Structures are given as C-alpha cells and as structure tokens.
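# Structural description and commentary
Here's the letter readout for the chains.
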Amino acid sequence: MTVKEAAKIAQKIADELQLEFVDVELVKEPTGHFLRFFIDRPDGISLNECETFHRRILPLVENVAYDYMEVSSPGADRPLKTPRDFEKAEGLMVELKTYKPVDGAKVFTGDLVGLRDDMIVIRISETEEKAFNRKDVAIVRPVIDFDESDLQDDEPAK
C-alpha cells in the first residue's frame with residue numbers, strides 16, 4: 001500500500017468522523033519510519049478525536065511499511081499546501097521560503113493575498129505585492145505572533 005492510498009482511506013475516515021483530513025506523511029527518522037496523519041476541525045482537534053481516528057485507521061494501513069504511527073493536529077503554523085489552505089489563510093501574515101534566492105533573499109514575510117494562477121501572492125508592504133511561482137516555493141506557513149503575556153494564565157494558580 002502506498003502513502004497515496006493511505007491518504008484516500010484517511011480522507012474517508014475523516015469524512016465519516018466529520019473531521020478535516022489535512023495530510024499524511026511517511027518520514028524516516030533516526031528511530032524509524034513514522035507514518036503521520038494530520039487531522040483538524042475549525043475549532044481545534046481533541047486528543048479523543050485523534051485517538052478515535054487512530055483506532056479506525058490502524059487496521060486499514062497495516063500494509064504500509066512504517067514503524068510508528070502518529071495522529072495529530074497540524075498546528076497553528078501548519079504549512080499551506082492546498083488551494084483550500086491558501087483560501088482559508090488569505091489576509092494572514094505568512095512566511096514564505098523559496099528554494100533559490102529571489103532578489104537576493106530566500107525568506108519573505110507579508111500578508112497573504114492568495115493563490116492566483118499557481119502564483120503565491122503576498123503583500124510585502126502597503127504598496128508592494130510580490131508573486132512567487134508555486135514550484136519555486138519550498139514552504140509557506142502562517143506567522144504566529146505572541147509575546148510573554150500570551151504565555152501567562154489569566155488567573156493566578158491557587
């Protein structure tokens with residue numbers, strides 16, 4: 001079984017559980033091969049939902065060559081991959097990394113204008129937009145902006 005076939009199974013299970021199937025990857029790490037499924041919901045995913053998905057998909061992907069399987073949320077800074085991802089992230093600040101330097105740089109930050117004709121468009125400044133061919137972009141992900149006050153509890157511990 002291929003990862004692509006596992007993705008089709010994952011999509012079906014996610015649909016049945018009313019979850020969003022985000023991605024699947026099979027990566028080799030020093031401790032073994034990891035088969036990772038990423039699922040989400042508009043209001044976030046719970047540990048119980050990850051466990052339910054895990055139990056449902058485990059017997060259906062036994063023929064994939066992996067050592068460990070994980071099911072988790074893709075996180076708030078998940079890479080934008082699909083047209084739907086780009087649509088949902090329009091207006092957000094993103095970090096875009098290219099494979100090769102563009103105008104002397106490989107990392108760009110700006111507000112995502114959107115995905116237009118296979119070009120990723122970001123607003124670099126009030127007056128400047130920059131378009132990148134999607135095949136030249138290594139990764140695009142939302143920028144998560146927080147400071148120390150975001151890490152503090154609203155109420156002191158008792």
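This is a predicted model, so every value here is computed, not measured. (Residues numbered from 1 in each chain as written. Predicted model: local features only at pLDDT ≥ 70, side-chain atom pairs only at ≥ 80, totals over all residues. Heavy atoms only, no water.)

## Quick look at the environment of Asp67
- Tracing the sequence through the fold places Asp67 in the loop between helix 2 (47-57) and strand 3 (68-72).
- For Asp67, a relative accessible area of 48% translates into the label partly exposed.
- Distance from Asp67 to Val137, taken between C-alpha atoms, is 31 Å for residues 70 residues apart in sequence.
- From its side chain, Asp67 meets the backbone nitrogen of His33 in a polar contact 2.7 Å long. (Helix = DSSP H or I, 4+ residues; strand = E, 2+ residues; numbered from the N terminus. Buried < 20%, exposed > 50% of the residue type's maximum accessible area, 1.4 Å probe, protein only. Polar contact = N/O pair within 3.5 Å; in protein donor to acceptor, adjacent residues only side chain to side chain.)

## Some words on the packing of aromatic side chains
- Using the criterion set out here, one finds 3 aromatic pairs in the structure.
- Taken together, a centroid distance of 4.9 Å and an interplanar angle of 55 degrees make the contact between Phe108 and Phe132 tilted. One end of the pair, Phe108, is in strand 5 (residues 105-116); the other, Phe132, is in strand 7 (residues 129-133), and 24 residues separate them in sequence. For the pair Phe108 and Phe132, one class covers both residues: buried. (Phe/Tyr/Trp six-rings, centres within 6.5 Å; stacked < 30°, edge-to-face > 60°.)

## Details of the pairing of strand 2 (residues 32-40)
- Of all 9 residues making up strand 2, 8 are buried, and the element is well covered by its neighbours.
- Bridge analysis of strand 1 (residues 20-29) against strand 2 gives 9 bridges, and the strand direction is antiparallel. Directly across from Leu26, in strand 2, lies its bridge partner Leu35.
- Here strand 1 folds back onto strand 2, and the loop between the two strands holds 2 residues.
- Note: strand 2 against strand 3, 5 bridges, orientation parallel. In the strand pairing of strand 3, Phe38 is matched with Ser72.
- Taken together, strand 2, helix 2 and strand 3 form a β-α-β motif whose crossover is right-handed. (Pairing = 2+ DSSP bridges. Right-handed = clockwise from strand over helix to strand, strands pointing away.)

## Some points on helix 2
- Taken together, the buried positions of helix 2 are occupied by Cys50, Phe53 and Ile57. Seen end-on, helix 2 carries its buried residues on one side only, within an arc spanning 65 degrees. The exposed set on the far side of helix 2, more than 90 degrees from its buried face, consists of Leu47, Asn48 and Arg55.
- Buried residues belonging to helix 2 abut helix 1 (3-16), strand 2 and strand 3. (Arc of directions from axis to C-beta. Contact = heavy atoms within 4.5 Å.)

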